[in-house]
Amino acid sequence: WEFNGSFYQPSAFLMRGIPGLEALHHWISIPFCALYLIALSGNCMILFIIKKTQSLHEPMYYFLSMLAVTDLGLVLCTLPTTLGLFWFNMRRIGFDACLTQMYFIHILSFIESSVLLAMAFDRFIAISHPLRHPSILTKTTVIKIGLAIILRGMVSLLPIPFLLKRLTYCGKTELSHSFCFHPDIMKLACADIKVNVFYGMIILLSTVGMDFIFIVLSYILIIKTVISLATKEECLKALNTCVSHICAVLVFFIPMIGLSMMHRFGKNVPPLVNTLVAYTYLIIPPALNPIIYSIKSSHIREALLRALRRK
């Protein structure tokens, strides 16, 4: 403990694995290793294929590249502490290291939400204004959108580590997960956390919440446009280009909303459920997104097959 008058701050936190299954952590690490391997190899494959295939140098695939990079970042943020705990029972994480991990986890989550919104906007323009699509979403515009997404995530979350660092901590130092999460850390404080709760809620609603609303609005407009198409075949063809993105949105937002609600209102939720939802939120989307796009996108699939044939 670091002592400064009435101010107490732990030198480290203790991470927690899966409650009640601590004796099985070595066996549980096997599916986690498989998911991490799928996420790392799958997203690297997506980036490699898009880079090497000239025909995929389009806005839709630029945004997919951003999604793949974000997923890789999320995997690399949680992999060391999660596997370190499961393999070697390394539960201790330094206070500053914990805040750093938390900051990057939240930034990357917010970036992923924004990228999914950008991909929804791309699908809306491509379906509603196909002739204007190349002139609206130029390469320069896509780069500007990407920079704006990163800047928004970094700036909006910058106060969070400082708001946590000002708090006095006492008593319990055990986190609920094998990674650091803002609501999880602030609950360990024995000080007034109203500012943290209020700021966290405002930022969540004004970023991820607004992203989700605009994604829904985009699809309402897409459906409205699709309904006006002449034939059933054209409708299905237009909607088929959105299936991958819809799956990615559901895979990301459902566990994220569930985890946020549990941390804020789920006092009686069993710890095991809370832990499983947290792992689902941070590990499943990066592992599933490359699979979803490889299966549903004919261009990605064909480019992958060509690359395999050349090997």
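Relevant structure appears above.
Report on the accompanying structure. (Residues numbered from 1 in each chain as written. Predicted model: local features only at pLDDT ≥ 70, side-chain atom pairs only at ≥ 80, totals over all residues. Heavy atoms only, no water.)

Quick notes on the overall build of the protein
Logical step 1: Within the protein one finds 12 helices and four strands.
Logical step 2: By the compact-globule yardstick of 19 Å for 311 residues, the protein fits well, its C-alpha radius of gyration being 21 Å.
Logical step 3: Overall size of the protein, expressed as C-alpha extent along the three principal axes, is 70 × 45 × 35 Å.
Logical step 4: In the protein, which comprises 311 residues, the proportion classed as buried is 49%. (Helix = DSSP H or I, 4+ residues; strand = E, 2+ residues; numbered from the N terminus. Rg over C-alpha atoms; globule rule 2.2 N^0.38 Å. Buried < 20%, exposed > 50% of the residue type's maximum accessible area, 1.4 Å probe, protein only.)

Side note on the layout of surface pockets
Logical step 1: Here the largest pocket defines a volume of roughly 610 Å³.
Logical step 2: Forming the boundary of the largest pocket are 24 residues, of which S176, D184, K187, H263 and N274 lie nearest the centre.
Logical step 3: Looking at the lining of the largest pocket, the elements with two or more residues in it are helix 7 (182–186), helix 8 (194–227), helix 10 (243–265) and helix 11 (271–296).
Logical step 4: Of the residues belonging to the lining of the largest pocket, the class tally is 12 nonpolar, five polar and seven charged.
Logical step 5: Size it by volume and the second largest pocket reaches roughly 530 Å³.
Logical step 6: Along the wall of the second largest pocket there are 21 residues; nearest its centre are M60, R123, A126, K237 and T241.
Logical step 7: Elements with a minimum of two residues in the lining of the second largest pocket: helix 2 (59–88), helix 3 (95–128), helix 9 (232–240), helix 11 and helix 12 (298–310).
Logical step 8: With four residues, the single largest contributor to the lining of the second largest pocket is helix 9.
Logical step 9: The residue inventory of the lining of the second largest pocket, partitioned by class, reads nine nonpolar, seven polar and five charged. (1 Å grid on protein atoms, 1.4 Å probe; cavity = no way out; pocket = protein on both sides within 12 Å on 5 of 7 lines; lining within 4 Å. Points joined across faces, edges and corners; volume = space filled by probe spheres on them. Nonpolar A, V, L, I, M, F, W, Y, C, P; charged D, E, K, R; others polar.)

Focus on the packing of helix 1 (residues 25–52) against helix 11
Logical step 1: The geometry of helix 1 relative to helix 11 is characterised by a closest axis approach of 8 Å and an angle of 45 degrees between their N-to-C directions. What the angle tells us is that helix 1 and helix 11 run oblique. Judged by the sense of rotation from one axis to the other, the crossing of helix 1 with helix 11 is left-handed. Along the contact surface, helix 1 presents F32, L35, Y36, I38, A39, G42, N43, M45 and I46, while helix 11 presents Y279, I283, I284, P286, A287, P290, I291 and S294. (Axes fitted to C-alpha atoms, helices over the stretch in contact; angles between N-to-C directions. Parallel < 35°, antiparallel > 145°, perpendicular 65-115°, else oblique. Left-handed = near helix turned anticlockwise from the far one by under 90°. Contact = heavy atoms within 4.5 Å.)

Regarding the packing of helix 3 against helix 5 (residues 139–157)
Logical step 1: Remark: helix 3 packs on helix 5, axes separated minimally by 9 Å, with the N-to-C direction vectors making an angle of 145 degrees. As helix 3 runs across helix 5, the sense of the crossing is right-handed. On helix 5, the residues that touch Y103, H106, I107, F110, I111, S114, V115 and A118 of helix 3 are I145, I149, I150, R152, G153, M154, S156 and L157.
Logical step 2: Looking at the contact of helix 3 with helix 5 residue by residue, the classes come out as 11 nonpolar, four polar and one charged.

Considering empty space enclosed by the protein
Logical step 1: Scanning the model with the defined rule gives four cavities of 30 Å³ or more in all.
Logical step 2: Size it by volume and the largest cavity reaches roughly 180 Å³.
Logical step 3: Forming the boundary of the largest cavity are 15 residues, of which H106, F110, G200, L204 and R264 lie nearest the centre.
Logical step 4: Taken together, the elements giving at least two residues each to the lining of the largest cavity come down to helix 3, helix 7, helix 8 and helix 10.
Logical step 5: Per-element accounting of the lining of the largest cavity gives the leading share, four residues, to helix 10.
Logical step 6: Taken together, the residues of the lining of the largest cavity break down into 10 nonpolar, four polar and one charged.

Some details on the environment of S218
Logical step 1: Residue position: S218 is located in helix 8.
Logical step 2: Separated by 121 residues in the primary sequence, S218 and A97 have C-alpha atoms spaced 39 Å apart.
Logical step 3: Sequence-distant contacts of S218, that is, excluding residues within four places in its chain, are made with A120 and F124.
Logical step 4: Here F214 takes part through its backbone oxygen, which lies 2.8 Å from a polar atom of the side chain of S218. (Polar contact = N/O pair within 3.5 Å; in protein donor to acceptor, adjacent residues only side chain to side chain.)

Re a nonpolar patch on the surface
Logical step 1: A surface patch of nonpolar side chains, about 870 Å² in accessible area, is lined by M210, F212, I213, F214, V216, L217, I220, I257, M261 and F265.
Logical step 2: When contributions to the nonpolar patch are tallied by element, the ones reaching two or more residues are helix 8 and helix 10.
Logical step 3: At seven residues, helix 8 tops the list of elements feeding residues into the nonpolar patch.
Logical step 4: Among the structural elements, I257 can be located in helix 10. (Patch = residues over 30% accessible without salt bridge, like charges linked within 9 Å, V, L, I, M, F, W, Y side chains within 5 Å. Areas by Shrake-Rupley, 256 points an atom, 1.4 Å probe, with all protein chains shown as cover. Salt bridge = Lys/Arg side-chain N within 4 Å of Asp/Glu carboxyl O.)

So, the packing of aromatic side chains
Logical step 1: In total, this model carries 13 aromatic pairs according to the counting rule given.
Logical step 2: On the numbers, 5.1 Å between centres and 50 degrees between planes, the contact of F212 with F253 is tilted. Highlighted residues: F212 in helix 8 and F253 in helix 10, separated in sequence by 41 residues.
Logical step 3: A relative accessible area of 32% places F212 in the partly exposed class.
Logical step 4: Classification of F253 as buried rests on a relative accessible area of 2%.
Logical step 5: Between F252 and Y281, the ring centres sit 6.2 Å apart and the planes meet at 50 degrees, which makes this aromatic pair tilted. Note that F252 is positioned in helix 10 and Y281 in helix 11, a separation of 29 residues in sequence.
Logical step 6: One aromatic cluster is present, formed by F32, F86, F179, F181 and Y279 through successive ring pairs. (Phe/Tyr/Trp six-rings, centres within 6.5 Å; stacked < 30°, edge-to-face > 60°.)

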